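Single-letter residue listing:
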Amino acid sequence: MVIFLNTPLKYSCIFLCLFLWPSTILAQLSQRQKDSLAACHVPLPSKRGFVKTNLVQKSISKSSAFLGMKKIPSGAFDMGAHDEKGRTDEYPVHRVAVKAFWIDETEVTNAQFAAFVAATGYVTTAEKAISWDELKKQVPAGTPRPPDSLLAPSSLVFVPTTGPVNLVDYSQWWQFVRGADWRHPEGPHSTIVGKENHPVVQVSWDDAQAYARWAGKRLPTEAEWEWAARGGLKNLEFPWGSEPIDSGVFKANTWQGKFPYKDEAKDGYQHTTAPVKQFTSNGYGLYDIAGNVWEWCFDNYRHDYYATLKKKGTLVLNPKGPLNSYDPDEPGIPKKVMRGGSFLCNDSYCASYRSSARMKSSPDSGLMHTGFRCVKDIN
Ligand SMILES: [Ca+2]
């Protein structure tokens, strides 16, 4: 049951849009579902892995190449959940070794992403309309063309409910909003002006890859991310140790109160991003490695990946994820790993700010609570 926690609406939209399109099916949907469909954003496989060939890698002087980054030492650790609190995909614990690397001390900010866009003219996934000519190649022959509203640039926005709801049905608090993108994280009337130091959100995995290449960096592997998040601590639940998140000072931007309708915002940020560096860093000097926004990792997602690594031997060197993605919750939809939890994470709901917690989404999904940070190899 908890596997679905905090999973975005996009997957259901994909299925609804591609396979449940006939009017007979639509007629069976509630008005709320129809409303969601009207703003649905269907992914295009051609967008996956997209990186514009005309992107020019940022010229970086040697002295500034690692500015804002922390050096993470090489080492071996037991990856996965060390208690009973993990979801099924966090087991079994397996021994992993990673090389030393550099990692951004903060999530990539709006200001940093704006510099990338200004330099390259890059257009994010959420800002692009869907091409029906391409989409129809992916759906059964004879599928009618969706209305333009369904193909318009859109992205996923969290909208709190008015009261308690069934927490299995995430479509109650996730909506596709036309005009939502990284400059307008909550929809066309929202803005990032004044939020230059907040993490960029509404960026897809493809967008994150494009930024990383331009910056001369790359996305962290899932193993690198967890090793860095643990901050030198051994087998502890959180990047700060074992102390519960609601004990003592606030340790991360998460959700306090009743999800998804009453965020008491005791940490100062009500169901939205916080500027980076507002909470204490972990042992490696990394800020917001728990909470604030989910962070894209390089790896394909498989629910059983840890089991396959466990079978391979006693120590796995620098794992880079499975060759193919598979999520039994959404078979057929390729997904990438996300880590760290977000401002929507709640102790009673998902607690995905745990160091071992995993999440997944399709690489062309933009979400209001998802960003990224980059790594760089040590040559
Ligand atoms: Ca908060």
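It should be emphasised that the depicted structure is a prediction, and the values quoted were computed from it without experimental measurement.

Asker: Describe in detail the overall build of the protein chain, supporting the description with residues and values.
Answerer: Helix and strand counts for the protein chain stand at 9 helices and 14 strands. Expressed as a percentage of the 379 residues in the protein chain, the buried residues total 47%. Put simply, 78% of the contacts in the protein chain that link residues at least 6 apart link residues at least 24 apart.

Asker: Could you give me a rundown of the pairing of strand 5 (residues 154–158), with the residues and numbers involved?
Answerer: Of all 5 residues in strand 5, 5 are buried; the element is thus mostly enclosed. Here strand 5 shows a buried face lined by Ser-154, Leu-156 and Phe-158 and a second buried face lined by Ser-155 and Val-157. Taken together, the 5 bridges between strand 5 and strand 6 (residues 174–178) define a ladder with antiparallel strand orientation. For Ser-155, the partnering residue across the bridge sits in strand 6 and is Val-177.

Asker: Explain the sheet that holds strand 11 (residues 336–339) to me, using residue names and the numbers behind them.
Answerer: Neighbouring strands of a sheet are bound in pairs by backbone hydrogen bonds; such pairs are parallel or else antiparallel. Strand order in the open sheet made by the 4 strands is 12-11-9-13, with mixed pairing throughout. Strand pairing shows two members of the sheet lacking a second neighbour, strand 12 (358–361) and strand 13 (370–371), which therefore form its edges. The pairing of strand 11 with strand 12 spans 4 bridges and is classified as antiparallel. The residue bridging Val-337 from the neighbouring strand is Lys-360, located in strand 12. Together, strand 9 (294–300) and strand 11 form the strand contacts of helix 8 (residues 222–229), whose direction differs from that of strand 9 by roughly 140°.

Asker: Please provide a residue-by-residue account of helix 9 (residues 305–312), values included.
Answerer: Within helix 9 the residues assigned to the buried category are Tyr-305, Tyr-306 and Leu-309. The arc that holds the buried residues of helix 9, viewed along the axis, is 95°, so those residues lie on one side. Of the surrounding elements, those touching the buried residues of helix 9 are strand 3 (94–98) and strand 10 (316–317). In the stretch just after helix 9, Gly-313 is the one whose phi turns positive, near 160°.

Asker: How would you sum up the nonpolar core? Please name residues and give values.
Answerer: Ala-208, Tyr-211, Leu-219 and Ala-228 are the most contacted members of the largest nonpolar core, which has 70 residues in total. With 6 residues, helix 7 (residues 205–214) is the largest single contributor of residues to this core. Not counting residues up to four positions away in its chain, the partners in contact with Ala-208 are Val-203, Leu-219, Trp-296 and Phe-372.

Asker: I'd love a proper account of the environment of Glu-196, names of residues and values included.
Answerer: The residue Glu-196 is located in the loop between strand 6 and helix 7 in this model. Among residues more than four places away in sequence, those in contact with Glu-196 are Thr-109, Asn-110 and Ala-111.

Asker: Describe helix 8, with residues and values.
Answerer: In terms of residue burial, helix 8 counts as a mostly covered element, since 8 of its 8 residues are buried. Along helix 8, the positions that sit buried rather than exposed are Glu-222, Ala-223, Glu-224, Trp-225, Glu-226, Trp-227, Ala-228 and Ala-229. Looking one or two residues past helix 8, Gly-231 carries a phi angle of roughly 60°, positive in sign.

Asker: Hey, could you go over unusual backbone geometry for me, with residue numbers and the actual values?
Answerer: Put simply, Tyr-91 and Pro-92 share a cis peptide bond, and its omega is -5°. For Pro-92, the position within the fold is in the loop between strand 2 (75–79) and strand 3. The step from Phe-259 to Pro-260 runs through a cis peptide bond, and the omega angle for that step is 0°. Its location among the elements puts Pro-260 in the loop between strand 7 (257–258) and strand 8 (262–263).

Asker: Give a description of the sheet that holds strand 2 that names residues and reports values.
Answerer: One open sheet accounts for 3 strands, arranged 2-3-10; its pairing is mixed. Strand pairing shows two members of the sheet lacking a second neighbour, strand 2 and strand 10, which therefore form its edges. Sheet topology note: the strand 3/strand 10 ladder contains 2 bridges and is parallel. Its bridge partner lying in strand 10, Ala-97 is registered against Leu-317.

Asker: Any chance you could break down the confidence of the model for the protein chain for me, citing the residues and the numbers?
Answerer: Per-residue confidence for the protein chain gives a mean pLDDT of 85; residues scoring 70 or more make up 83%. Contacts from residues 1–60, a stretch scored under 50 in pLDDT, to residues over four places away or in other chains number 116 contacts.

Asker: Can you break down the environment of Thr-109 residue by residue, with the values?
Answerer: Tracing the backbone through its elements, the reader meets Thr-109 in the loop between strand 4 (101–104) and helix 4 (110–120). Thr-109 sits in the buried class, given 22 other C-beta atoms within 10 Å. With 262 residues separating them along the chain, Thr-109 and Gly-371 place their C-alpha atoms 8.7 Å apart. Among all residues touching Thr-109, those that are not within four sequence positions of it are Glu-196, Asn-197, His-198, Pro-199, Val-200 and Val-276.

Conventions used here
- Residues numbered from 1 in each chain as written.
- Predicted model: local features only at pLDDT ≥ 70, side-chain atom pairs only at ≥ 80, totals over all residues.
- Helix = DSSP H or I, 4+ residues; strand = E, 2+ residues; numbered from the N terminus.
- Buried ≥ 20, exposed ≤ 12 C-beta atoms within 10 Å, placed from the backbone.
- Contact = placed C-beta atoms within 7 Å.
- Pairing = 2+ DSSP bridges.
- Axes fitted to C-alpha atoms, helices over the stretch in contact; angles between N-to-C directions.
- Arc of directions from axis to C-beta.
- Core = buried A, V, L, I, M, F, W, Y, C linked by C-beta atoms within 7 Å.
- pLDDT = per-residue confidence, 0-100.

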